[in-house]
Amino acid sequence: MASESLPTRQRRPSMGAPIVDIQGSVGPAGISRPKHKRTFTGFGAGEIKSVEASIPEPQREAWLKHQVSGFKDKDGFESEVVRHVETTLARSMFNCDESAAYSACSLAFRDRLILEWNRTQQRQTFVDSKRLYYLSLEFLMGRALDNAMLNIGQKDTAKAGLADLGFRIEDVIEQEHDAALGNGGLGRLAACFLDSLASLNYPAWGYGLRYRYGIFKQEIIDGYQVEVPDYWLDFNPWEFPRHDVTVDIQFFGHVRKSTDENGRTVAHWEGGEIVKAVAYDVPIPGYATPSTNNLRLWSSTAASGEFDFQKFNNGDYESSVADQQRAETISAVLYPNDNLERGKELRLKQQYFWVAASLYDIVRRFKKSKRPWKEFPEQVAIQLNDTHPTLAVVELQRILLDLEGLEWDEAWNIVTNTFGYTNHTVLPEALEKWSVPLIQHLLPRHLQIIYDINLYFLQSVERRFPEERDLLGRVSIIEESQPKMVRMAHLAIVGSHKVNGVAELHSDLIKTTIFKDFVTIFGPDKFTNVTNGITPRRWLHQANPRLSELISSKTGGKDFLTDLNELNKIELYVKDKAFRKAWADIKLANKERLAKHIKASAGVTVDPTALFDVQVKRIHEYKRQQLNIFGVIHRYLTLKAMSPEERKKQQPRVSIFGGKAAPGYWMAKQIIHLINSVGKVVNNDEDIGDLLKVVFLEDYNVSKAEIIIPASDISEHISTAGTEASGTSNMKFVLNGGLIIGTCDGANIEITREIGENNIFLFGNLAEDVEDLRHAHTYGTHEIDPDLNRVFQEIEKGTFGSTQDFAALISAVRDHGDYYLVSDDFHSYIETQALVDDAYRNQEEWITKCITSVARMGFFSSDRCINEYAEGIWNIEPLRVEKEEGA
Ligand SMILES: *Cc1c(COP(=O)(O)O)cnc(C)c1O
């Protein structure tokens, strides 16, 4: 299909494809590299051809002749698939099921990706441009095959080829297991950023952990959440183990000080134990560009030193296996908490393991360039995605001080010019703190450096603000509690040159609340805002292909996928009958698809013409799924009280919930149980019929989101004002032609500004009033909303099953101060939901709102977001990979 052809992609892969052993190059594992090594520095743009020139003559001809080329067309694709089925998978085509077809199809696309990936890495190395390293403990990538096909621009080729071989492409795509190395919004943001970085040709690597078990799989049994391990690695064609890229990581031990020949004190971190980090690389294809970046994930394994062999040789087999298992534990599990930190030793080990391996890698790459240390921040930008990687600040200072022999000030200057820190939350329970004794035990040298950083920082504060004695205690990196704690956010601020929040309200809040003192100390310029975004490739083109196609038919091609502001062109068609009809048909088809999924997974039959009301996200009290389900109960009671005639006039609705609760978060699990209990009653009530259905979809993840989001009419983003830093699913829903009901929180505010307040249903109290309202609850001047009280009474009557189970949800509001202000916002919520019903009944008006909103969503592309980071924080430039010659 013409609209999908991406000229640069369909050419014969590069003449630059041979693997050369250069820093940063990522040749396929197992292919031996040429022996000659060269240090390429200072090559200007356009000189990449010298890579081939550097290949010795005898090999050169053979190499170029036998270069892998990937497939060019449908026939080429089919032969690659058949070849992989018959050789790589060692199966016959007669015995090729969908799972084997998925594997072979992925391998065929992977081959294509590798070529571009090598070229991109070589190019970046030759030009020696500044790179960004994005450190994130979570990357919620979802499926890779569909994304690779679309970004390469060969999905139609694959579709036709698979059809020839007897497969439907949708079935093949569905074989893939999600890469679910994240909890929710923070991890998905990192994945959207990688897509934008590659699509915009920025030289950038992601660094994370290769968890053996990603976020657990959620099953709903008897209405309760049950967690099942996620064995996602069983077959993963998208990763390349680099057994030659390993780093020894030290833990525990002690610090010895000596004096060198210049009389300088030198610290030596000695003893303890060593764990080995092994790199696994995942190619990240850009959309409509050959640029293919790298995501490097570290896996832990035992360091195979002589010690192990000795044990083994002594017949102590069990103990050497135990060592191995202990080492592997470090990268075994993703901690399943979203917006909650619990100071577990293993978590701290994960953090240091990952940060130390990544920095070793970055520093090694820099040192190959033979540049002086002071140029490090001109070559390297490191972004800390939340405080999880903050130990990187300390580790880089340690490397420069202890291993490279720099003076403190020179080293610290390099460190602070390298790092940027993104804050993701103001919730106190999510702010990371580690106990001093734990760090002392695990990382003794790092604790000394943290104390020194704090000392110099507090001294400078004291010099500048001699009168303000309390200030020192407030901003100190060390909290003087019992035991003492290291405040990671303070360390991240002091160690970075920029700190950003993720939506305007959130960035203002951090400047006026939790980081207020730091604004006084460092001045306001250090603190900035970069409002989050989402990649339109996955969240429109991939998740909603028909809408993407319709939009491209009106905007003149697929440019809107790389310049989302192009969407505003569809506003010209808001009155166009055919366009509106096509728009409505697509929404209905998406809802029919979701209805099928609901039937298959939850066993509930829903009417696709009903209003689909969706709340899918992590289950958390601050996100207030409890407000939603209390509202659903209120709706149910209202319907029950009506006469049959009156009922007929009501707007049918399907309330759809989805999301995981952290396994240890008891209240969140009660909310899931209540939703399912309400569903069981409401869905089987003959008085109600199709007027109200309540569905909980199990195991919400990225690929479920791709089905659910395009099918939504209204979605709920109803956090207590001031608690949701940004939210990103609000952006996904609006981009897919759904409206939203929400509080004045996070990015909802900017979405309103962009799309217009007629196109969003806002309700509830404002962030600035939250403190007073909480005070009123605590000091007894608040009366529970009477409608909400009726809901509570119904629950307490046992209408939805055992009343004991839900007592805590009620008493949190009634007896324990209603911290999330459910009662305060209940009336406004119910009224606004009634407005939603009215608006939906006027379908003409509704569709106008939807089209207008989509047209105005350009701002929320993660491309805009990445360009802001690149310019304002990272100081990096795009680097195009040259088009291939002679193709
Ligand atoms: C976008 C996304 C999120 C974030 O949702 P919020 O509503 O912004 O919290 C969480 N999980 C998945 C799978 C997502 O795709």
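Residues numbered from 1 in each chain as written. Predicted model: local features only at pLDDT ≥ 70, side-chain atom pairs only at ≥ 80, totals over all residues. Heavy atoms only, no water.

In the annotation of an unreviewed UniProt entry, the protein is listed under the name Alpha-1,4 glucan phosphorylase and assigned to Podospora anserina. Turning to the protein, the UniProt record has this under Function (unreviewed entry): "Allosteric enzyme that catalyzes the rate-limiting step in glycogen catabolism, the phosphorolytic cleavage of glycogen to produce glucose-1-phosphate, and plays a central role in maintaining cellular and organismal glucose homeostasis." You can read under Sequence similarities (unreviewed entry) in the UniProt record for the protein the words "Belongs to the glycogen phosphorylase family." (UniProt positions renumbered as here; feature names shortened; annotations may be inferred.)

Caption draft 1: Focus on the pattern of salt bridges. For the coordinates displayed, the defined rule picks out 56 salt bridges. Among the ionic pairs, Asp361 bridges to Arg365, the shortest N-O distance being 2.9 Å. With a gap of four residues between them, Asp361 and Arg365 both fall in helix 12 (residues 345–368), about one helical turn apart. For the pair Asp361 and Arg365, a shared accessibility class is recorded, and that class is buried. One salt bridge in this structure joins Arg635 and Asp837, with 2.9 Å as the shortest N-O distance. Of this pair, Arg635 sits in helix 25 (residues 625–640) while Asp837 sits in helix 34 (residues 822–841), placing them 202 residues apart in sequence. Across the pair, exposure class does not vary: Arg635 and Asp837 are buried alike. Among the charged side chains, a salt-bridge network with shared partners connects Arg242, Asp281, Arg296, Asp361, Arg364 and Arg365. (Salt bridge = Lys/Arg side-chain N within 4 Å of Asp/Glu carboxyl O. Helix = DSSP H or I, 4+ residues; strand = E, 2+ residues; numbered from the N terminus. Buried < 20%, exposed > 50% of the residue type's maximum accessible area, 1.4 Å probe, protein only.)

Caption draft 2: Structural detail: unusual backbone geometry. Residue Gln482 is joined to Pro483 through a cis peptide bond whose omega torsion reads 0°. Unlike most non-glycine residues, Phe252 shows phi in positive territory, near 65°. The class of Phe252 is buried, set by a relative accessible area of 16%. In this structure, Asn875 is a non-glycine residue whose phi angle is positive, near 55°. Assignment of secondary structure puts Asn875 in the segment after helix 36 (862–874).

Caption draft 3: Up close: the packing of aromatic side chains. Taken as a whole, this structure holds 34 aromatic pairs when the rule is applied. Taking 5.5 Å as the distance between ring centres and 65° as the angle between the ring planes, the aromatic pair formed by Phe193 and Tyr869 counts as edge-to-face. Residue Phe193 is found in helix 9 (residues 185–199), and its partner Tyr869 is found in helix 36; the two are separated by 676 residues along the sequence. Considered together, Phe193 and Tyr869 belong to a single accessibility category, that of buried residues. Each member of the aromatic cluster is reached from another via a ring pair, and the members are Tyr421, Phe457, Phe515, Phe518 and Phe522. The cationic tip of Lys660 hangs over the ring face of Phe216; the distance from NZ or CZ to the ring centre is 5.6 Å. Sitting above the plane of the Tyr819 ring, Arg774 keeps its charged end 3.5 Å from the centroid. (Phe/Tyr/Trp six-rings, centres within 6.5 Å; stacked < 30°, edge-to-face > 60°. Lys NZ or Arg CZ within 6 Å of the ring centre and 35° of its normal.)

Caption draft 4: Looking closely at the sheet that holds strand 15 (residues 478–479). In spatial order, the strands read 14-16-15; together these three strands make up an open sheet with antiparallel pairing. The open sheet has two free edges, formed respectively by strand 14 (433–435) and strand 15, since each of these has just one partner strand. The pairing of strand 15 with strand 16 (residues 485–487) spans two bridges and is antiparallel. Bridge pairing links Glu479 to Met485 in strand 16. (Pairing = 2+ DSSP bridges.)

Caption draft 5: Seen up close, the sheet that holds strand 10 (residues 273–285). The strand order across the open sheet built from nine strands is 7-10-11-4-1-12-13-17-18, with neighbouring strands paired in mixed fashion. Each end of this open sheet is capped by a strand with a single partner; those strands are strand 7 (240–251) and strand 18 (527–529). Taking the axes of each pair of neighbouring strands and ignoring which way they run, one obtains an average angle of 25° across the sheet. Relative to strand 18, strand 17 (residues 498–501) runs parallel, the two sharing three bridges. Bridging from a neighbouring strand, Val499 pairs with Phe527 of strand 18. Packed on one face of the sheet, helix 5 (residues 98–127) meets strand 1 (131–135), strand 4 (204–209), strand 7, strand 10 and strand 11 (292–302) and runs near 95° to strand 11. (Axes fitted to C-alpha atoms, helices over the stretch in contact; angles between N-to-C directions. Contact = heavy atoms within 4.5 Å.)

Caption draft 6: Layout of the site of the ligand. Near the ligand you find 13 residues, and of these Lys617, Lys623, Thr728, Ser729 and Lys732 are the closest. In this structure, Ser729 approaches the ligand through a side-chain N or O atom, which is 2.6 Å from an oxygen atom. When the ligand is considered free in solution it has 390 Å² of accessible area, and contact with the protein chains removes 96% of it. Breaking the shell around the ligand down by element, the ones donating at least two residues are helix 9 and helix 29 (729–735). Taken together, the residues of the shell around the ligand sort by class into three nonpolar, six polar and four charged. Two domains share the shell around the ligand, each providing at least three of its residues, namely domain 2 (135–143 + 178–529) and domain 3 (607–842). (Near = heavy atom within 4 Å. Polar contact = N/O pair within 3.5 Å; in protein donor to acceptor, adjacent residues only side chain to side chain. Areas by Shrake-Rupley, 256 points an atom, 1.4 Å probe, with all protein chains shown as cover. Nonpolar A, V, L, I, M, F, W, Y, C, P; charged D, E, K, R; others polar. Domains from an automatic or database assignment.)

Caption draft 7: Layout of the nonpolar core. Among the nonpolar cores identified, the biggest contains 230 residues, and Phe251, Trp298, Val486, Trp583, Phe630 and Trp874 are the most heavily contacted of them. Element by element, the count of residues in this core is highest for helix 12, at 11 residues. Viewed by domain, this core spans two of them, domain 2 (135–143 + 178–529) and domain 3 (607–842), each represented by three or more residues. The residues touching Trp583, leaving out its near neighbours within four places in the chain, are Leu547, Leu550, Ile570, Gly737, Ile847, Cys850, Ile851 and Val854. The next biggest cluster of nonpolar side chains, apart from the first, holds 24 residues, and it includes Cys96, Ala101, Phe109 and Leu113. (Core = buried A, V, L, I, M, F, W, Y, C linked by side-chain atoms within 4.5 Å.)

Caption draft 8: Molecular detail of the packing of helix 14 (residues 391–403) against helix 15 (residues 408–418). Look at helix 14 against helix 15: their axes get within 9 Å of each other, and the N-to-C directions meet at 145°. Between helix 14 and helix 15 lies a crossing whose hand is right-handed. Contact with helix 14, carried on its side by Val393, Leu396, Gln397, Leu400 and Leu401, involves Trp408, Ala411, Trp412, Ile414, Val415 and Thr418 of helix 15 and no other residues of that element. (Left-handed = near helix turned anticlockwise from the far one by under 90°.)

Caption draft 9: Summary view of the environment of Arg242. Position of Arg242 among the secondary structure elements: in strand 7. In sequence terms Arg242 and Asp745 are 503 residues apart; their C-alpha atoms lie 44 Å from each other.

Caption draft 10: Quick look at the pairing of strand 5 (residues 217–221). As judged from the five bridges shared by strand 5 and strand 6 (residues 224–228), these two strands associate in the antiparallel manner. Bridging across to strand 6, Glu219 finds its partner in Val226.

Caption draft 11: Looking closely at the UniProt feature "modified residue: N6-(pyridoxal phosphate)lysine" (unreviewed entry) in the protein. Look at the UniProt record and you will see "modified residue: N6-(pyridoxal phosphate)lysine" (unreviewed entry) annotated at Lys732. Inspection of the secondary structure puts Lys732 in helix 29. Sequence-distant contacts of Lys732, defined by excluding residues within four places in its chain, comprise Arg188, Ile534, Trp539 and Ile709.

Caption draft 12: Region of interest: helix 36. In a regular helix each residue adds 1.5 Å, so 13 residues correspond to 18 Å; helix 36 covers only 16 Å between its end C-alpha atoms and thus falls short of that length. Residues of helix 36 that are buried include every one of Ser862, Asp863, Arg864, Cys865, Ile866, Tyr869, Ala870, Ile873 and Trp874, and no others. Of the residues flanking the start of helix 36, the one acting as N-cap is Ser861, its side-chain oxygen 3.0 Å from the backbone nitrogen of Asp863. Residue Asn875 follows helix 36 closely and has a positive phi angle near 55°. (Expected span 1.5 Å × (residues − 1).)

Caption draft 13: The environment of Leu197, seen in detail. Mapped onto the elements of the fold, Leu197 is located in helix 9. With relative accessibility at 1%, the residue Leu197 sits in the buried group. Once the C-alpha coordinates of Leu197 and Pro285 are considered, the two residues, 88 residues apart in sequence, prove to be 9.6 Å apart. Among residues more than four places away in sequence, those in contact with Leu197 are Leu132, Tyr202, Ala204, Asn293, Ile866 and Trp874.

Caption draft 14: The arrangement of the confidence of the model for the protein in detail. Averaged over every residue, the pLDDT of the protein is 91; residues scoring 70 or more account for 91%. Long-range and interchain partners of residues 1–50, a stretch whose pLDDT sits below 50, account for 126 contacts in this model, where long-range means more than four residues apart. (pLDDT = per-residue confidence, 0-100.)

Caption draft 15: View of the pairing of strand 4. Burial of strand 4 is extensive: six of the six residues sit out of reach of the surface. Residues Ala204, Gly206 and Gly208 of strand 4 are buried on one face, and the alternating residues Trp205, Tyr207 and Leu209, pointing to the opposite face, are buried as well. As defined by bridge partners, strand 1 adjoins strand 4 across four bridges and the pair is classed as parallel. Paired with Tyr133 across the two strands is Trp205, which belongs to strand 4. Strand direction decides the pairing type here: strand 4 and strand 11, joined by five bridges, are parallel. Bridge pairing in strand 11 links Leu209 to Trp298.

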